[in-house]
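Residue-level listing of the chains:
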Amino acid sequence: MPCIFDERDFVAFGEVLRFVIVKGSNCFVFGGETDASPLYSIPLEELLPKMEDRENPEGTSLTISPSFNNISKDDISTVLLKYPSGRIAYQFTFNTKEDSTVAERFFSLVGGTKTGGKETASVAYAKVIARDKEKCQPEDPNQCVAK
């Protein structure tokens, strides 16, 4: 019998909504916009960003807020962070309805973490927090974090 559905995983944007800050070579993930402390941090040094083509998504990425033809809506952009082997480590999906450049800016920030340069005091402090919060990552970062 032919398969009449796409076997990709789908999830609503609101189910996985998080807030992120990139500081130095770390990405801090917050559960809410006003949270004082991050849920966890992601070290970015070894990860390579890739803008996902919504018309031809990666086979192992999630489709966030699908529209017709099982692709993400026009106002959704995804940046994949990949290991050097090419495997997806993390997926960041942005609502671009109010800010069409947010995904591109995140892509540039993550790609720019490898440039080095002088480290500011705030970046040094962020590294200390990141080391502690790295241990708090969920086993599967694609799972929803219980609030």
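Every chain is numbered on its own, with residues counted from 1 as its sequence reads. At least 70 in pLDDT is required for a residue's local features to be given in this predicted model, at least 80 for side-chain atom pairs to be given and counted, and no such filter applies to totals for whole chains, interfaces and linings, which use all residues. No hydrogens and no water enter the side-chain calculation; it runs on all heavy atoms of the structure.

S.K.: Got a minute to help me understand the sheet that holds strand E7 (residues 76–82) in this structure?
M.R.: Within a sheet, neighbouring strands are paired by backbone hydrogen bonds and run either parallel or antiparallel to one another. One requirement defines pairing of two strands: DSSP has to find at least two bridges between them. Numbered from the N terminus, helices here are DSSP runs of H or I no shorter than four residues, and strands are runs of E no shorter than two. Strand order in the open sheet formed by 3 strands is E5-E7-E8, and the pairing between neighbours is antiparallel. Each edge of the open sheet is held by one strand with a lone partner, namely strand E5 (48–51) and strand E8 (88–95). For this sheet, the mean angle separating the axes of adjacent strands, direction not counted, is 25°. Pairing analysis gives 4 bridges linking E5 to E7, with the strands arranged antiparallel. Counted as the bridge partner of Met51 is Val79 from E7. Whenever a helix is involved, its axis is fitted only over the stretch in contact; in every case the axis is a line through C-alpha atoms, and angles between N-to-C directions fall within 0 to 180 degrees.

S.K.: What's the story with the sheet that holds strand E2 (residues 19–23) in this structure? I'm lost.
M.R.: Strand order in this open sheet of 3 strands is E2-E3-E4, and the pairing throughout is antiparallel. Two strands in the sheet have a free side with no partner beyond their single neighbour: E2 and strand E4 (40–43). Averaged over neighbouring strand pairs, the angle between their axes works out to 25° when direction is ignored. Of the pairings in the sheet, the one linking E2 to strand E3 (residues 26–30) comprises 5 bridges and is antiparallel in character. Among the inter-strand pairings, Val20 is bridged to a residue of E3, identified as Val29.

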